[in-house]
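Each chain, written out:
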Amino acid sequence: MKSYKENIYFSLTFSLLLLFSNQIYAQSEGSVYSVTGRGGVGTTFVTDYQAIGINPANIGIKKNYRDPKFTFGLLEGNVAFSSEAINTNELLGAMTNFRTDRFDYAKREEAINKFSNNSTNVDANVMLFGFSWRMPKKYGGIAFSVRDRVSTYTVTNPFTAELMFMGAASSYFPKLKMANGDIIDNPRHTGGTLTDDQLDQVQAGFFENPDDEQSFSSVLDGTKMKSTWIREFNFSYGGQLLETYDLSIYGGFGIRYLQGLLIMDFDVNQNGEFQSPVFSSSFVNPVDVLTNGLVEDDFDSRPLSEKLVNPKPAGEGFGLDFGLTFVIKRNLKIGVALNNYGEMNWTGQIYSVGDLTLGRVNGQGVDNYNIFIQNEGTFQLAGSNSAVEWEKKEGNQRVDLPTTIRVGASYEFFRLVHVGVDVIIPQNDAPGNLQKPLYAIGGDFKPFKTLSFSTGFNIGGNNDTFKLPIGVTYSARKGFYEVGISTHDILSYFSLSGNSSTISIAAAALRFKL
């Protein structure tokens, strides 16, 4: 049997995906730091292995004889964390302050208002290895990469936000069980309040009459919790299709083999329709993160480090990319790409939830924005105090990949300034996809041969907050080495007490061109 410490570790790991989750934006740039610095603009900018998953046609573009034949890189990363619910000060405190005071009753009420109908996002892309080879012009170029992609997106309706921060003391429940064993009427059920001392004594909220209980779909309408962890093995090709004096056309395709390491898809639409929730993971033991009543004897119990290097995937799938780039009079580029078309087939331990009634909840609710310092009495949508009864599902579960279409255009002025626009349009509501189209304008400014700056702005995607990205890239004089760093939104570091937050960083320090 696992120790208490291990159980809490797994429960909090999974709760991280639920409470502070999702795709920050469903990242539209993968692990490419330069695209992050331009706010997502990349359809006509990216080259070599960085074009994988964005526009494979660009792998075949060769500007001049100075272009490198081989490019390879290690450990390029892009991590983003954003929330429409809390500001940057609160977010930094939630991530770094492990000794924060617990919320009192008034702070819990404030947190409920903050999280009601607002999104919270987490997204991480780490390219473990990437390589590209630009062959002689008529043959095009090929690229390969291995990448881990973790993406989550959460929206909580007012009921879910109240349940999260008040737990059993939610106004939904007419009766409360106290620590001394007394059963009392819940004053919040009739519009009243609890004292802080009373709140600390609440153990459970429940109905005496089961006929008064409501279904999950009726109380969770508008709530979404979508998370994925996918490992990709990518191969892409790009080559020239047509060349005239004023026009060159490049085409490309990519194929990826996918290993599914985790999926969480919990969605109740605005009409209160339950969308067949599903959970599966090759890393997290369902016994630890779903409900105590589950029994899973065949879970992979190897050390986490071993599972990371050689996972036994809970799902597998294939995805396809297609792209076209038109180069007009050398400086004007127009590109279009279809990315991530395909599906995952989850065949591991799969769990789902029926649309049952919610009759009882244990736990006092989350009492701090930092979930790492919550205790075992905290209410969870998963774990020992779960209000949701997860059940093992027979067979497999097919889930569409988060497919997008990208359209972009750019113009380069004298190798000094390169500006462009991108529109990224989600094609489905799959876990990890953008919730709305993303509109971005951005570019590069290269005042020196070794140094360039990127910036832009975007709106849409998974967050309606205006964002101002910025990036810096250094290239060695002979071009054999490149290092860069960028952020999704520089403004969030200066407006720490606003109404929303974005903390992100993308970087590459081991990128070589030969």
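The shown structure was predicted, so the numbers you read here are calculated from the model rather than taken from an experiment.

> Any chance you could explain unusual backbone geometry here in plain terms?
Backbone phi values are negative for most residues with the exception of glycine, while trans is the configuration of most peptide bonds. Non-glycine residue Phe414 carries a positive phi angle of around 55 degrees. By the element assignment, Phe414 lies in the loop between β18 (404–413) and β19 (417–426). The class of Phe414 is exposed, set by a relative accessible area of 78%.

> It is not clear to me how the pairing of strand β21 (residues 451–460) should be interpreted in this structure. Could you clarify?
Across eight bridges, strand β20 (residues 438–445) lies against β21 in antiparallel orientation. The residue of β21 that forms the bridge with Gly442 is Gly456. Where β20 folds back on β21, the antiparallel hairpin that results is connected by five residues. Here β21 runs beside strand β23 (residues 470–475); their pairing, made up of five bridges, is antiparallel. Of the residues in β23, the one forming a bridge with Leu451 is Tyr474.

> Honestly, the confidence of the model for the chain in this entry has me stumped. Any pointers?
Chain-level statistics for the chain give a pLDDT mean of 80 and a share of 77% at 70 or above. Scored below 50 in pLDDT, residues 1–27 makes 109 contacts in the model with residues more than four places away or belonging to other chains.

> Could you clarify how one ought to interpret the nonpolar core in this entry?
Among soluble globular proteins, nonpolar side chains are generally buried collectively. Within the largest apolar cluster, 38 residues are counted, with the highest numbers of intra-cluster contacts made by Phe115, Phe165 and Leu358. Contributions of two or more residues to this core are made by α4 (105–115), α5 (158–166), β4 (175–178), α7 (216–219) and β9 (247–267). Leaving out residues up to four positions away in the same chain, Phe165 has contacts with Phe103, Arg108, Ala111, Ile112, Phe115, Gln364, Gly365, Val366 and Tyr369. Ala51, Ile52, Ile54 and Ala143 belong to the second largest nonpolar core, which has ten residues in total.

> Explain a positive patch on the surface to me, please; I cannot follow it from the model alone.
On the surface, a cluster of positive charge is made up of Arg66, Arg330, Arg415, Lys449 and Arg477. With respect to the element layout, Arg330 can be found in the loop between β11 (315–328) and β12 (332–346).

> Mind showing me how you'd approach the pattern of salt bridges here?
As a working rule, side chains carrying opposite charge can pair if their charged atoms are close by. Applying the stated rule across the entire model yields 16 salt bridges. One salt bridge in this structure joins Lys224 and Asp429, with 4.0 Å as the shortest N-O distance. A residue pair is termed long-range when its members are at least 10 positions apart, and Lys224 in strand β8 (residues 224–243) and Asp429 in the loop between β19 and β20 qualify at 205 residues. Of the residues examined, Asp429 reaches a relative accessible area of 37% and is grouped as partly exposed. One salt bridge in this structure joins Arg398 and Glu343, with 2.6 Å as the shortest N-O distance. Note that Arg398 is positioned in strand β17 (residues 397–400) and Glu343 in strand β12, a separation of 55 residues in sequence. Assessed through its relative accessible area of 53%, Arg398 is described here as exposed. Glu343 sits in the partly exposed class, given a relative accessible area of 31%. Salt bridges sharing common partners tie together Arg147, Arg149, Glu232, Arg256 and Asp321.

> I would appreciate a short explanation of the environment of Gln201 in the present structure.
Examined against the element boundaries, Gln201 turns out to sit in helix α6 (residues 196–201). Residues Gln201 and Ala169, 32 residues apart in the sequence, show an inter-C-alpha distance of 10.0 Å. Not counting residues up to four positions away in its chain, the partners in contact with Gln201 are Lys177, Met178, Ala179 and Gln364.

> Got a minute to help me understand the pairing of β20 in this structure?
Remark: a regular strand shows side chains that alternate across the two faces of the sheet. In this sheet, β20 lies alongside β19 in antiparallel orientation, the contact comprising eight bridges. Note that in β20 the partner of Val423 across the bridge is Tyr439.

Cut-off values and rules
- Residues numbered from 1 in each chain as written.
- Predicted model: local features only at pLDDT ≥ 70, side-chain atom pairs only at ≥ 80, totals over all residues.
- Heavy atoms only, no water.
- Helix = DSSP H or I, 4+ residues; strand = E, 2+ residues; numbered from the N terminus.
- Buried < 20%, exposed > 50% of the residue type's maximum accessible area, 1.4 Å probe, protein only.
- Pairing = 2+ DSSP bridges.
- pLDDT = per-residue confidence, 0-100.
- Contact = heavy atoms within 4.5 Å.
- Core = buried A, V, L, I, M, F, W, Y, C linked by side-chain atoms within 4.5 Å.
- Patch = residues over 30% accessible without salt bridge, like charges linked within 9 Å, V, L, I, M, F, W, Y side chains within 5 Å.
- Areas by Shrake-Rupley, 256 points an atom, 1.4 Å probe, with all protein chains shown as cover.
- Salt bridge = Lys/Arg side-chain N within 4 Å of Asp/Glu carboxyl O.
- Lys, Arg positive; Asp, Glu negative; His and termini not counted.
- Charge placed at Lys NZ, Arg CZ, Asp CG, Glu CD.

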